[in-house]
Amino acid sequence: MISGKWKALLLWQIHKAPARFGELKRLVPDISEKMLIQQLREMEADGIVHREIFPEVPPRVEYSITEFGIELDNALIPLALWGKQHADRASGRRPGKASTPAPHVA
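Each chain has its residues counted from 1, running along the sequence as written. Owing to the predicted nature of the model, reporting of local features is limited to residues with pLDDT of at least 70; listing and counting of side-chain atom pairs is limited to 80 or more, with chain, interface and lining totals taken over all residues. Here the side-chain values reflect all heavy atoms present in the structure, with hydrogen atoms and water set aside.

**Some remarks on the pairing of strand S2 (residues 49-54)**
Successive residues of a regular strand alternate their side chains across the two faces of the sheet. For the record, the criterion: By definition, two strands form a pair when at least two bridges between them are found by DSSP. Labels follow the DSSP assignment, with helices taken as runs of H or I lasting at least four residues and strands as runs of E lasting at least two, numbered in each case from the N terminus.
The pairing of S2 with strand S3 (residues 60-65) spans six bridges and is antiparallel. The residue bridging Ile53 from the neighbouring strand is Val61, located in S3. Where S2 hands over to S3, the hairpin turn is made up of five residues, counted between the paired strands.

Put into structure tokens, the structure is as follows:
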């Protein structure tokens, strides 16, 4: 449900506040429009986000997080905290980067 690199970022943005497509595109600038559409459709189909169409001219579409999405977002918080705590260590072990061994802590 949350595979890939974009869904967690999109979920985080939508969790903060409901957002329109253009806002999400600005908040996650490296995502292509095609990928953004695909990810939002999948998240809607999975019940993570709600897509609301407002009957205006031109039509306005807004994405908000569902209760199920809130549960998922809350489940990801410990993983995000772990990632922040170990970001330096993980970035030093990527292929192609020179790294020094992490000191052994007893």
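Still to come is the rest of the account.
**A closer look at helix H1 (residues 6-16)**
What sets the pattern is the α-helix's 3.6 residues per turn: residues three or four places apart point alike. Where we set the bar: Buried residues are those whose accessible area, probed at 1.4 Å on protein chains only, stays under 20% of the maximum for their type, while exposed residues exceed 50% and partly exposed ones sit between those limits. To be clear, the arc concerns the directions from the helix axis to the C-beta atoms.
Among all positions in H1, only Trp6, Lys7, Leu10, Leu11, Gln13 and Ile14 are buried. Taken down its axis, H1 places every buried residue within 165° of arc, on the same side.

**Here's the deal with the sheet that holds S3**
Cut-off, in case you're wondering: Pairs of residues are marked as contacts when any of their non-hydrogen atoms sit within 4.5 Å. Fitting a line to C-alpha atoms yields each axis, with helices limited to the stretch in contact; the angle taken between N-to-C directions then spans 0 to 180 degrees.
The three strands are arranged S1-S3-S2 in an open sheet whose pairing can be described as antiparallel. At either end of the open sheet lies a strand with only one pairing partner, and these are strand S1 (19-20) and S2. Pairing of S1 with S3, which is carried by two bridges, proceeds in the antiparallel orientation. Residue pairing in the sheet places Arg20 in a bridge with Glu62 of S3. Here H1 sits on the sheet and contacts S2 and S3; the angle it forms with S3, its principal contact strand, is near 100°.

**A closer look at the layout of surface pockets**
What counts is decided by this rule: Of the grid points, spaced at 1 Å and generated over the protein atoms alone, those admitting a 1.4 Å probe that cannot get out make up cavities, while open sets with protein on both sides within 12 Å along at least five of seven lines make up pockets; any residue with an atom within 4 Å of a point is treated as lining. Grid points are joined across faces, edges and corners, and a volume is the space filled by probe spheres set on the points. As a working rule, the residues Ala, Val, Leu, Ile, Met, Phe, Trp, Tyr, Cys and Pro are called nonpolar, Asp, Glu, Lys and Arg charged, and the rest polar, with Gly in that last group.
Approximately 420 Å³ is the volume attributed to the largest pocket. Lining the largest pocket are 13 residues; nearest its centre among them are Ala8, Trp12, Leu76, Leu79 and Ala80. Of all the secondary structure elements, the ones that give two or more residues to the lining of the largest pocket are H1 and helix H4 (67-85). A per-class count over the lining of the largest pocket returns nine nonpolar, one polar and three charged.

**Re the packing of aromatic side chains**
The condition that has to hold: Here the aromatic set is Phe, Tyr and Trp, taking the six-membered ring for Trp, and pairing holds for ring centres within 6.5 Å; pairs whose planes are under 30 degrees apart are stacked, those over 60 apart are edge-to-face, and all others are tilted. A ring is scored as having a charge over it whenever the NZ atom of a lysine or the CZ atom of an arginine sits within 6 Å of its centre and within 35 degrees of its normal.
Taken as a whole and judged by the stated rule, the model has zero aromatic pairs. Residue placement shows Arg60 over the ring face of Phe54; its charged tip is 3.8 Å from the ring centre.

**Considerations on the environment of Ile48**
Positionally, Ile48 belongs in the loop between helix H3 (33-45) and S2. For Ile48, a relative accessible area of 0% translates into the label buried. Taking the C-alpha atoms as reference points, Ile48 and Leu11, separated by 37 residues in sequence, lie 8.1 Å from one another. Excluding residues within four positions of it along the chain, Ile48 makes contact with Met1, Leu11, Met43, Ser64, Ile65, Thr66, Phe68, Gly69 and Leu72.

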